[in-house]
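# An overview of the molecular structure
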Amino acid sequence: MFWVVNPWWLWAAVGGGIFTVVLHTVASRLAPKVRFSWVDILKSGRTGGFLLLRLRDILVVLLRALMVFVVLLYPARPFLYRGKPPAEIWVKDVPPNLLREIRERWGEFARIRFSPTDAPSGKVALVGAWSALPSTEYEIWSMASDWEIRDFEATPEGLKLKILNTGKDRWFKILLQGDDGVLLSDSLFVPSGQERTYEVAIPLKGEVSLRIDGRVLHDYILEGKGGGLVVAKGLEREVWEALLKTLGLDLKVGVDTILKEAGSLNFTTDCGLLSESGLKAQPAEVVFVLKDSGCVILSERPVLLDAEGKVVGAYHDGRYFFGFHPTGTGWAFTPDFLRFIPLLSESASKIYVGVGDTVRFAEPVEIRGPTRMCCPETFVPSAPGIYRIYRDGNLRAIVVANVRTSVKIPDPPKPLWPYLLFIFLSLLAFEMLLVFAFRGS
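Within each chain, residues carry numbers counting from 1 in the order of the written sequence. Only residues with pLDDT of 70 or above have their local features reported here, since the model is predicted, and side-chain atom pairs are shown and tallied only from 80 upward, although totals for entire chains, interfaces and linings are computed over all residues. Values shown for side chains rest on all heavy atoms present in the structure; no hydrogens or waters enter the calculation.

### Some points on the pattern of salt bridges
So the rule is basically this: Salt bridge, as used here: a side-chain nitrogen of Lys or Arg that lies within 4 Å of a carboxyl oxygen of Asp or Glu. We count a stretch as a helix when DSSP gives it H or I for four or more residues in a row; a strand needs E for two or more, and each element gets its number in order from the N terminus.
The final tally for this structure, using the stated rule, is 16 salt bridges. Between Glu 241 and Arg 237 there is a salt bridge whose closest N-O contact spans 2.9 Å. Here the residue Glu 241 and the residue Arg 237 both occupy positions in helix H5 (residues 234–247), the gap between them amounting to four residues, near one helical turn. Put simply, Arg 339 and Asp 336 hold a salt bridge, and the shortest N to O gap is 2.9 Å. On the criterion of helical spacing, the pair formed by Arg 339 and Asp 336 is a turn pair, its members being three residues apart in helix H7 (residues 335–340). Via salt bridges that share partners, Glu 101, Arg 105 and Asp 411 belong to a single interconnected network.

Here it is as C-alpha coordinates:
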(Lines give C-alpha, C1' and ligand atoms only; values in the text may rest on other atoms or scores of the structure.)
Protein backbone atom coordinates (compact mmCIF):
# COMPACT_ATOMS: atom_id res chain seq x y z
CA MET A 1 0.00 0.00 0.00
CA PHE A 2 1.02 3.63 -0.53
CA TRP A 3 2.07 5.63 2.57
CA VAL A 4 4.00 8.81 3.31
CA VAL A 5 6.19 9.87 6.23
CA ASN A 6 4.92 13.49 6.23
CA PRO A 7 1.16 13.52 5.43
CA TRP A 8 0.89 17.33 5.31
CA TRP A 9 3.18 17.44 2.29
CA LEU A 10 1.00 14.86 0.54
CA TRP A 11 -1.99 17.21 0.89
CA ALA A 12 0.21 20.07 -0.32
CA ALA A 13 1.16 17.98 -3.38
CA VAL A 14 -2.48 17.21 -4.18
CA GLY A 15 -3.41 20.88 -3.70
CA GLY A 16 -0.51 21.99 -5.90
CA GLY A 17 -1.61 19.73 -8.74
CA ILE A 18 -5.23 20.93 -8.52
CA PHE A 19 -4.10 24.56 -8.31
CA THR A 20 -2.04 24.13 -11.52
CA VAL A 21 -5.06 22.85 -13.44
CA VAL A 22 -7.28 25.64 -12.09
CA LEU A 23 -4.66 28.28 -12.88
CA HIS A 24 -4.36 27.18 -16.53
CA THR A 25 -8.13 27.00 -16.91
CA VAL A 26 -8.79 30.44 -15.43
CA ALA A 27 -5.88 32.01 -17.33
CA SER A 28 -7.12 30.67 -20.68
CA ARG A 29 -10.66 31.92 -20.06
CA LEU A 30 -9.59 35.37 -18.88
CA ALA A 31 -7.18 35.90 -21.75
CA PRO A 32 -8.47 38.55 -24.27
CA LYS A 33 -9.90 37.07 -27.48
CA VAL A 34 -9.83 38.74 -30.94
CA ARG A 35 -12.17 37.22 -33.49
CA PHE A 36 -11.32 37.04 -37.21
CA SER A 37 -14.04 35.98 -39.63
CA TRP A 38 -11.66 34.05 -41.85
CA VAL A 39 -10.66 31.79 -38.93
CA ASP A 40 -14.16 30.31 -38.86
CA ILE A 41 -13.75 29.33 -42.53
CA LEU A 42 -10.45 27.58 -41.78
CA LYS A 43 -11.85 25.86 -38.66
CA SER A 44 -14.77 24.44 -40.65
CA GLY A 45 -12.29 22.76 -42.96
CA ARG A 46 -9.73 21.64 -40.38
CA THR A 47 -11.81 20.54 -37.41
CA GLY A 48 -9.66 17.45 -36.81
CA GLY A 49 -6.47 19.53 -36.50
CA PHE A 50 -8.01 21.89 -33.95
CA LEU A 51 -9.31 18.98 -31.87
CA LEU A 52 -5.80 17.51 -31.83
CA LEU A 53 -4.39 20.85 -30.62
CA ARG A 54 -7.07 21.01 -27.95
CA LEU A 55 -6.20 17.53 -26.75
CA ARG A 56 -2.53 18.54 -26.73
CA ASP A 57 -3.28 21.55 -24.53
CA ILE A 58 -5.23 19.43 -22.05
CA LEU A 59 -2.42 16.87 -21.90
CA VAL A 60 0.21 19.59 -21.34
CA VAL A 61 -1.82 21.00 -18.44
CA LEU A 62 -2.13 17.55 -16.88
CA LEU A 63 1.60 16.92 -17.28
CA ARG A 64 2.42 20.22 -15.61
CA ALA A 65 0.04 19.44 -12.76
CA LEU A 66 1.75 16.06 -12.32
CA MET A 67 5.17 17.76 -12.23
CA VAL A 68 4.03 20.10 -9.47
CA PHE A 69 2.56 17.10 -7.62
CA VAL A 70 5.84 15.15 -7.90
CA VAL A 71 7.95 18.10 -6.71
CA LEU A 72 5.79 18.64 -3.62
CA LEU A 73 5.54 14.88 -3.02
CA TYR A 74 9.28 14.55 -2.42
CA PRO A 75 9.28 16.11 1.11
CA ALA A 76 6.27 13.90 1.92
CA ARG A 77 8.68 10.92 1.52
CA PRO A 78 6.34 8.30 0.05
CA PHE A 79 6.93 4.57 0.50
CA LEU A 80 5.26 1.20 -0.02
CA TYR A 81 4.42 -1.13 2.88
CA ARG A 82 2.05 -4.09 3.20
CA GLY A 83 -0.42 -3.28 5.97
CA LYS A 84 -0.30 -0.21 8.22
CA PRO A 85 3.24 0.83 9.21
CA PRO A 86 4.05 2.08 12.73
CA ALA A 87 4.47 5.82 13.14
CA GLU A 88 6.41 5.35 16.41
CA ILE A 89 8.70 2.60 17.70
CA TRP A 90 8.98 2.32 21.48
CA VAL A 91 12.29 0.72 22.48
CA LYS A 92 13.16 -0.47 25.98
CA ASP A 93 16.17 -2.39 27.35
CA VAL A 94 17.55 -3.71 24.06
CA PRO A 95 21.24 -4.21 23.17
CA PRO A 96 23.02 -1.53 21.10
CA ASN A 97 23.33 -3.74 18.02
CA LEU A 98 19.56 -4.27 17.95
CA LEU A 99 18.91 -0.55 18.49
CA ARG A 100 21.32 0.23 15.66
CA GLU A 101 19.50 -2.23 13.37
CA ILE A 102 16.13 -0.66 14.16
CA ARG A 103 17.48 2.83 13.46
CA GLU A 104 19.11 1.77 10.18
CA ARG A 105 16.08 -0.11 8.87
CA TRP A 106 13.23 2.02 10.25
CA GLY A 107 14.77 5.36 11.20
CA GLU A 108 13.49 7.10 8.04
CA PHE A 109 9.91 5.90 8.45
CA ALA A 110 9.05 6.04 12.16
CA ARG A 111 9.99 8.00 15.27
CA ILE A 112 11.95 6.03 17.87
CA ARG A 113 11.00 6.66 21.52
CA PHE A 114 12.55 5.41 24.76
CA SER A 115 9.68 6.39 27.05
CA PRO A 116 5.88 6.13 26.61
CA THR A 117 3.74 9.06 25.52
CA ASP A 118 0.04 9.65 26.19
CA ALA A 119 -0.70 10.76 22.63
CA PRO A 120 1.21 8.70 20.00
CA SER A 121 1.26 10.12 16.49
CA GLY A 122 -0.10 6.86 15.06
CA LYS A 123 0.40 3.13 15.25
CA VAL A 124 3.09 2.02 17.75
CA ALA A 125 5.56 -0.89 17.54
CA LEU A 126 6.73 -2.17 20.95
CA VAL A 127 10.25 -3.58 21.27
CA GLY A 128 11.42 -4.97 24.62
CA ALA A 129 9.72 -5.66 27.94
CA TRP A 130 7.02 -2.97 28.03
CA SER A 131 4.43 -3.05 30.83
CA ALA A 132 2.63 0.13 29.70
CA LEU A 133 0.65 -0.14 26.46
CA PRO A 134 -0.07 2.80 24.12
CA SER A 135 -3.53 4.31 23.87
CA THR A 136 -3.59 3.83 20.10
CA GLU A 137 -3.21 0.86 17.76
CA TYR A 138 -0.02 -1.13 18.38
CA GLU A 139 1.92 -4.26 17.43
CA ILE A 140 4.66 -6.15 19.29
CA TRP A 141 8.07 -6.80 17.78
CA SER A 142 8.89 -9.37 20.42
CA MET A 143 10.40 -12.78 20.83
CA ALA A 144 10.38 -15.31 18.02
CA SER A 145 8.93 -17.83 20.53
CA ASP A 146 5.22 -18.04 21.37
CA TRP A 147 5.95 -17.18 25.03
CA GLU A 148 8.32 -14.90 26.86
CA ILE A 149 9.44 -13.95 30.35
CA ARG A 150 8.32 -10.36 30.77
CA ASP A 151 9.89 -9.81 34.19
CA PHE A 152 12.28 -11.71 36.47
CA GLU A 153 13.33 -10.42 39.87
CA ALA A 154 15.28 -12.30 42.53
CA THR A 155 15.79 -10.61 45.91
CA PRO A 156 16.93 -11.79 49.35
CA GLU A 157 13.22 -12.10 50.25
CA GLY A 158 12.04 -14.20 47.31
CA LEU A 159 11.30 -14.60 43.61
CA LYS A 160 8.93 -12.79 41.23
CA LEU A 161 8.41 -13.40 37.52
CA LYS A 162 5.86 -12.72 34.77
CA ILE A 163 5.19 -14.99 31.80
CA LEU A 164 3.31 -13.93 28.66
CA ASN A 165 1.86 -16.82 26.67
CA THR A 166 0.86 -15.99 23.08
CA GLY A 167 0.51 -19.67 22.14
CA LYS A 168 -1.85 -22.35 23.41
CA ASP A 169 -2.88 -22.92 27.05
CA ARG A 170 0.00 -24.57 28.85
CA TRP A 171 1.71 -25.34 32.15
CA PHE A 172 5.22 -23.93 32.69
CA LYS A 173 7.59 -25.93 34.91
CA ILE A 174 9.61 -23.68 37.25
CA LEU A 175 12.89 -24.87 38.81
CA LEU A 176 15.01 -22.57 40.99
CA GLN A 177 18.54 -23.62 41.92
CA GLY A 178 21.15 -22.02 44.16
CA ASP A 179 24.55 -22.74 45.66
CA ASP A 180 22.94 -25.41 47.89
CA GLY A 181 21.08 -27.22 45.09
CA VAL A 182 17.38 -27.14 44.19
CA LEU A 183 15.54 -24.42 46.14
CA LEU A 184 12.13 -24.58 44.46
CA SER A 185 10.21 -26.80 42.02
CA ASP A 186 6.74 -25.70 40.93
CA SER A 187 4.41 -25.14 37.94
CA LEU A 188 2.44 -22.18 36.62
CA PHE A 189 -0.59 -22.37 34.33
CA VAL A 190 -0.86 -19.53 31.78
CA PRO A 191 -3.91 -19.40 29.47
CA SER A 192 -3.51 -18.49 25.81
CA GLY A 193 -3.00 -14.78 25.16
CA GLN A 194 -2.61 -13.90 28.83
CA GLU A 195 0.13 -12.87 31.25
CA ARG A 196 0.52 -14.44 34.69
CA THR A 197 2.64 -13.36 37.67
CA TYR A 198 4.38 -15.90 39.90
CA GLU A 199 5.62 -14.87 43.35
CA VAL A 200 7.10 -16.87 46.18
CA ALA A 201 8.69 -15.85 49.48
CA ILE A 202 11.90 -17.80 49.94
CA PRO A 203 15.26 -16.67 51.37
CA LEU A 204 17.84 -16.32 48.60
CA LYS A 205 21.52 -15.51 48.58
CA GLY A 206 24.45 -15.66 46.20
CA GLU A 207 24.11 -17.13 42.74
CA VAL A 208 20.74 -18.51 41.59
CA SER A 209 19.45 -19.91 38.30
CA LEU A 210 15.85 -20.16 37.12
CA ARG A 211 14.83 -22.84 34.60
CA ILE A 212 11.52 -22.52 32.77
CA ASP A 213 10.74 -25.13 30.12
CA GLY A 214 14.36 -25.42 29.03
CA ARG A 215 15.12 -21.70 29.20
CA VAL A 216 17.68 -20.69 31.86
CA LEU A 217 18.03 -17.30 33.55
CA HIS A 218 20.88 -16.45 35.91
CA ASP A 219 20.86 -13.91 38.74
CA TYR A 220 22.88 -12.93 41.78
CA ILE A 221 21.58 -11.74 45.15
CA LEU A 222 23.52 -8.75 46.47
CA GLU A 223 23.27 -7.88 50.13
CA GLY A 224 22.51 -4.28 51.08
CA LYS A 225 20.86 -1.54 49.08
CA GLY A 226 23.40 1.30 49.20
CA GLY A 227 22.45 4.96 49.07
CA GLY A 228 22.95 8.01 46.90
CA LEU A 229 22.61 11.73 46.30
CA VAL A 230 21.13 13.39 43.19
CA VAL A 231 21.42 17.13 42.51
CA ALA A 232 19.39 17.65 39.32
CA LYS A 233 16.03 18.87 38.01
CA GLY A 234 13.18 17.55 35.91
CA LEU A 235 13.61 14.38 33.89
CA GLU A 236 17.33 14.15 34.75
CA ARG A 237 16.47 13.85 38.43
CA GLU A 238 13.71 11.29 37.80
CA VAL A 239 16.03 9.06 35.74
CA TRP A 240 18.83 9.10 38.33
CA GLU A 241 16.56 8.55 41.32
CA ALA A 242 14.91 5.57 39.57
CA LEU A 243 18.34 4.10 38.76
CA LEU A 244 19.63 4.42 42.32
CA LYS A 245 16.45 2.91 43.72
CA THR A 246 16.24 0.03 41.25
CA LEU A 247 19.90 -1.05 41.39
CA GLY A 248 20.64 0.07 44.94
CA LEU A 249 23.67 2.10 43.89
CA ASP A 250 25.81 4.27 46.14
CA LEU A 251 26.37 7.28 43.86
CA LYS A 252 26.56 11.05 44.11
CA VAL A 253 25.36 12.68 40.89
CA GLY A 254 25.26 16.33 39.87
CA VAL A 255 23.68 17.61 36.66
CA ASP A 256 24.72 21.20 35.79
CA THR A 257 26.19 21.23 39.31
CA ILE A 258 29.80 20.33 40.11
CA LEU A 259 29.97 18.28 43.32
CA LYS A 260 33.03 18.31 45.56
CA GLU A 261 32.63 14.76 46.94
CA ALA A 262 35.20 12.17 45.86
CA GLY A 263 33.84 9.63 43.39
CA SER A 264 30.95 11.90 42.34
CA LEU A 265 29.55 11.98 38.78
CA ASN A 266 29.21 15.45 37.27
CA PHE A 267 27.29 16.07 34.03
CA THR A 268 27.20 19.49 32.35
CA THR A 269 27.02 21.06 28.90
CA ASP A 270 28.69 24.23 30.24
CA CYS A 271 32.32 23.93 29.14
CA GLY A 272 33.19 26.82 31.45
CA LEU A 273 32.26 24.74 34.49
CA LEU A 274 34.57 21.97 33.29
CA SER A 275 37.41 24.45 32.76
CA GLU A 276 36.91 25.85 36.26
CA SER A 277 37.31 22.30 37.58
CA GLY A 278 40.74 21.98 35.93
CA LEU A 279 39.85 20.23 32.66
CA LYS A 280 40.41 21.37 29.09
CA ALA A 281 37.12 21.31 27.22
CA GLN A 282 35.62 22.83 24.10
CA PRO A 283 32.04 23.01 22.77
CA ALA A 284 31.00 20.20 20.45
CA GLU A 285 28.03 18.11 19.37
CA VAL A 286 27.70 14.96 21.49
CA VAL A 287 26.11 11.97 19.78
CA PHE A 288 24.69 8.83 21.35
CA VAL A 289 21.15 7.93 20.27
CA LEU A 290 20.38 11.63 19.70
CA LYS A 291 22.53 14.69 19.03
CA ASP A 292 22.85 17.41 21.64
CA SER A 293 25.19 20.31 22.34
CA GLY A 294 27.90 19.54 24.88
CA CYS A 295 31.64 19.48 25.44
CA VAL A 296 34.60 17.40 24.32
CA ILE A 297 37.19 16.88 27.07
CA LEU A 298 40.78 17.31 25.88
CA SER A 299 42.67 16.46 29.07
CA GLU A 300 42.88 13.86 31.85
CA ARG A 301 42.15 10.13 31.62
CA PRO A 302 39.16 9.42 29.33
CA VAL A 303 36.46 7.08 30.62
CA LEU A 304 33.66 7.49 28.05
CA LEU A 305 33.44 8.10 24.30
CA ASP A 306 30.32 9.07 22.39
CA ALA A 307 29.03 7.29 19.27
CA GLU A 308 31.51 9.20 17.06
CA GLY A 309 34.54 8.44 19.25
CA LYS A 310 34.85 11.84 20.92
CA VAL A 311 35.99 11.91 24.58
CA VAL A 312 32.97 13.11 26.56
CA GLY A 313 33.86 11.65 29.97
CA ALA A 314 37.05 11.84 32.05
CA TYR A 315 38.38 11.08 35.53
CA HIS A 316 39.99 14.04 37.31
CA ASP A 317 40.80 14.94 40.89
CA GLY A 318 39.02 11.85 42.25
CA ARG A 319 35.77 12.66 40.40
CA TYR A 320 34.10 11.81 37.08
CA PHE A 321 33.23 14.61 34.65
CA PHE A 322 30.97 14.31 31.59
CA GLY A 323 30.32 16.99 28.97
CA PHE A 324 26.70 16.19 28.12
CA HIS A 325 23.22 15.49 29.53
CA PRO A 326 22.28 11.78 29.67
CA THR A 327 18.62 12.40 28.76
CA GLY A 328 19.34 15.06 26.12
CA THR A 329 21.50 12.62 24.15
CA GLY A 330 19.25 9.63 24.83
CA TRP A 331 22.14 7.80 26.51
CA ALA A 332 20.13 7.41 29.73
CA PHE A 333 17.60 5.23 27.88
CA THR A 334 20.08 2.68 26.50
CA PRO A 335 21.48 -0.55 27.98
CA ASP A 336 24.98 1.02 27.85
CA PHE A 337 23.86 3.47 30.53
CA LEU A 338 22.69 0.65 32.80
CA ARG A 339 25.95 -1.24 32.26
CA PHE A 340 28.39 1.65 32.63
CA ILE A 341 27.06 3.66 35.57
CA PRO A 342 26.92 0.81 38.15
CA LEU A 343 30.67 0.31 37.72
CA LEU A 344 31.25 3.80 39.12
CA SER A 345 29.32 3.06 42.33
CA GLU A 346 31.23 3.12 45.62
CA SER A 347 29.62 -0.21 46.56
CA ALA A 348 29.43 -3.45 44.60
CA SER A 349 26.63 -3.34 42.03
CA LYS A 350 24.81 -5.68 39.64
CA ILE A 351 24.79 -5.33 35.85
CA TYR A 352 22.46 -7.27 33.53
CA VAL A 353 23.68 -8.01 29.99
CA GLY A 354 22.92 -10.37 27.16
CA VAL A 355 25.47 -12.80 25.79
CA GLY A 356 27.38 -10.94 23.08
CA ASP A 357 26.80 -7.49 24.57
CA THR A 358 29.77 -5.22 25.26
CA VAL A 359 30.51 -4.00 28.79
CA ARG A 360 32.88 -1.02 29.04
CA PHE A 361 34.80 -0.28 32.23
CA ALA A 362 36.18 3.07 33.34
CA GLU A 363 39.58 1.43 33.99
CA PRO A 364 41.22 -2.04 33.75
CA VAL A 365 39.57 -4.75 35.86
CA GLU A 366 39.92 -8.42 36.65
CA ILE A 367 37.12 -10.77 35.56
CA ARG A 368 36.33 -14.06 37.28
CA GLY A 369 33.61 -16.49 36.25
CA PRO A 370 32.97 -18.75 33.23
CA THR A 371 35.73 -16.64 31.64
CA ARG A 372 38.77 -15.35 33.58
CA MET A 373 40.55 -12.27 32.22
CA CYS A 374 43.04 -9.66 33.35
CA CYS A 375 42.95 -6.77 32.76
CA PRO A 376 40.53 -5.58 30.07
CA GLU A 377 38.66 -2.28 29.79
CA THR A 378 35.93 -3.90 27.67
CA PHE A 379 34.34 -7.30 28.08
CA VAL A 380 32.00 -9.35 25.86
CA PRO A 381 30.57 -12.39 27.67
CA SER A 382 30.48 -15.37 25.33
CA ALA A 383 28.61 -17.71 27.70
CA PRO A 384 25.70 -17.18 30.13
CA GLY A 385 26.49 -17.07 33.83
CA ILE A 386 27.76 -14.89 36.67
CA TYR A 387 30.95 -12.85 36.24
CA ARG A 388 32.62 -11.11 39.21
CA ILE A 389 34.45 -7.86 38.46
CA TYR A 390 37.40 -6.92 40.68
CA ARG A 391 39.38 -3.69 40.77
CA ASP A 392 42.39 -3.24 43.04
CA GLY A 393 41.50 -6.57 44.65
CA ASN A 394 38.00 -5.41 45.66
CA LEU A 395 34.70 -6.72 44.28
CA ARG A 396 33.23 -3.85 42.24
CA ALA A 397 30.39 -5.45 40.31
CA ILE A 398 28.51 -8.62 39.42
CA VAL A 399 27.81 -9.07 35.71
CA VAL A 400 24.76 -11.26 35.08
CA ALA A 401 24.85 -12.55 31.50
CA ASN A 402 21.82 -14.33 30.02
CA VAL A 403 21.03 -15.58 26.54
CA ARG A 404 18.86 -12.99 24.81
CA THR A 405 16.01 -14.27 22.66
CA SER A 406 16.06 -12.48 19.33
CA VAL A 407 13.48 -9.88 18.42
CA LYS A 408 11.61 -10.14 15.12
CA ILE A 409 11.98 -6.89 13.19
CA PRO A 410 9.80 -6.78 10.06
CA ASP A 411 11.25 -5.82 6.72
CA PRO A 412 11.32 -2.04 6.30
CA PRO A 413 9.10 -0.21 3.78
CA LYS A 414 10.28 0.38 0.23
CA PRO A 415 11.05 4.10 -0.28
CA LEU A 416 9.69 5.75 -3.42
CA TRP A 417 11.28 9.21 -3.14
CA PRO A 418 14.57 8.19 -4.85
CA TYR A 419 12.55 7.61 -8.05
CA LEU A 420 10.71 10.95 -8.03
CA LEU A 421 13.51 12.86 -9.78
CA PHE A 422 13.48 10.36 -12.66
CA ILE A 423 9.67 10.64 -12.87
CA PHE A 424 9.84 14.45 -12.87
CA LEU A 425 12.46 14.53 -15.65
CA SER A 426 10.44 12.06 -17.72
CA LEU A 427 7.30 14.19 -17.39
CA LEU A 428 9.26 17.33 -18.25
CA ALA A 429 10.76 15.72 -21.37
CA PHE A 430 7.34 14.50 -22.52
CA GLU A 431 5.79 17.92 -21.94
CA MET A 432 8.53 19.67 -23.93
CA LEU A 433 8.19 17.13 -26.75
CA LEU A 434 4.45 17.81 -27.01
CA VAL A 435 4.87 21.62 -27.00
CA PHE A 436 7.72 21.86 -29.51
CA ALA A 437 6.55 19.04 -31.81
CA PHE A 438 3.12 20.61 -32.33
CA ARG A 439 4.59 24.09 -32.62
CA GLY A 440 6.70 23.02 -35.54
CA SER A 441 3.91 21.18 -37.37
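### Comments concerning the state of the cysteines
Going by this rule: Defined by distance alone, a disulfide is two cysteine sulfur atoms within 2.5 Å. Categorising residues by exposure relies on relative accessible area from a 1.4 Å probe, with only protein chains included: less than 20% of the type maximum marks a residue as buried, more than 50% marks it as exposed, and the intermediate range marks it as partly exposed.
Tallied over the full model, the rule gives two disulfides. Disulfide pairing places Cys 271 opposite Cys 295 at an S-S distance of 2.1 Å. Of note, the bridge from Cys 271 to Cys 295 carries an S-S torsion of about -110° and is left-handed in sense. You can see Cys 271 sitting in helix H6 (residues 271–276) and its partner Cys 295 sitting in strand S18 (residues 291–297), a full 24 residues away along the chain. Taking the relative accessible area as the measure of exposure, Cys 271 reaches 11% and is therefore buried. Covalent S-S linkage joins Cys 374 and Cys 375, the inter-sulfur distance amounting to 1.9 Å. Cys 374 gets classed as exposed once you look at its relative accessible area, which sits at 60%. Taken N- to C-terminal, the disulfide-bonded cysteines of the chain are connected 1-2, 3-4.

### Things to note about the packing of aromatic side chains
Just so we agree on the cut-off: Classification of ring pairs uses Phe, Tyr and Trp, with its six-membered ring standing for Trp, and accepts pairs whose centres are within 6.5 Å; under 30 degrees between planes counts as stacked, over 60 as edge-to-face, and the remaining range as tilted. A ring has a charge above it when a Lys NZ or an Arg CZ is no more than 6 Å from the ring centre and no more than 35 degrees off the ring normal.
Applying the stated criterion across every chain yields a total of 21 aromatic pairs. Centroid distance Trp 106 to Phe 109: 6.4 Å. Interplanar angle 80°. Geometry classified as edge-to-face. Its relative accessible area of 0% is what places Trp 106 among the buried residues. Taking the centre distance of 5.5 Å and the plane angle of 45° together, the rings of Trp 240 and Phe 267 count as tilted. One end of the pair, Trp 240, is in helix H5; the other, Phe 267, is in strand S16 (residues 265–267), with 27 residues separating them in the sequence. Of the two residues examined, Trp 240 and Phe 267, each falls in the buried class. Clustering of aromatic rings is evident, with ring pairs tying together Trp 240, Phe 267, Phe 288, Phe 322, Phe 324, Trp 331, Phe 337 and Phe 340. Sitting over the ring of Trp 417, Arg 77 keeps its end group 4.1 Å from the ring centre. One residue, Arg 368, lies across the ring of Tyr 390, its end atom 3.9 Å from the ring centre.

### Concerning H5
Applied cut-off: Given the number of residues in a helix, its expected span is that number minus one, multiplied by 1.5 Å. Arc definition: directions from the helix axis to the C-beta atoms.
The first and last C-alpha atoms of H5 sit 21 Å apart over 14 residues, in line with the 20 Å expected at 1.5 Å per residue. Taken together, the buried positions of H5 are Glu 236, Val 239, Trp 240, Leu 243 and Leu 244. When H5 is viewed along its axis, its buried side chains cluster within an angular range of 125° and face the same direction. The outward face of H5, more than 90 degrees from its buried face, is lined by the exposed residues Glu 238, Lys 245 and Thr 246. One or two steps after H5, the chain reaches Gly 248, where phi turns positive at roughly 65°.

### Focus on the side chain of Arg 391
Quick reminder of the rule: Throughout, a residue-residue contact means that at least one pair of heavy atoms, one from each residue, lies within 4.5 Å.
Mapped onto the elements of the fold, Arg 391 is located in strand S27 (residues 385–391). The residues contacting Arg 391, other than those within four sequence positions of it, are Leu 343, Glu 363, Pro 364, Val 365 and Arg 396.

### Observations regarding the confidence of the model for the chain
Counted only if it meets this: Each residue gets a pLDDT score, which is the predictor's confidence in that residue and runs from 0 to 100.
In the predicted model, the chain carries a mean pLDDT of 85, and the fraction of residues at 70 or more is 90%. Between the elements of the chain, mean pLDDT differs from a low of 53, seen in helix H2 (residues 37–45), to a high of 96, seen in S16.

### A word on the sheet that holds strand S12 (residues 206–212)
The condition that has to hold: Pairing between strands requires that DSSP locate at least two bridges from one strand to the other. A fitted line through C-alpha atoms serves as each axis, taken over the contacting stretch for helices, and the angle formed by two N-to-C directions is quoted from 0 to 180°.
If you trace the four strands from one edge of the open sheet to the other, you get S10-S9-S12-S13, paired in antiparallel fashion. The open sheet is flanked by strand S10 (181–190) and strand S13 (215–221), the only strands paired with a single partner. On average, adjacent strands in this sheet sit at an angle of 20° to one another, irrespective of strand direction.

### Thoughts on the layout of surface pockets
The condition is simple: A cavity here means a set of 1 Å grid points, computed over protein atoms only, where a 1.4 Å probe fits but cannot escape. A pocket is an open set with protein on both sides within 12 Å along at least 5 of 7 lines, and lining residues have an atom within 4 Å of a point. Grid points are joined across faces, edges and corners, and a volume is the space filled by probe spheres set on the points.
If you add up the space inside the second largest pocket, you get close to 780 Å³. What lines the second largest pocket is a set of 29 residues, among which Phe 288, Leu 305, Ala 307, Asp 336 and Arg 360 lie closest to the centre. It is helix H4 (residues 96–106) that provides the largest number of residues to the lining of the second largest pocket, a total of five residues.

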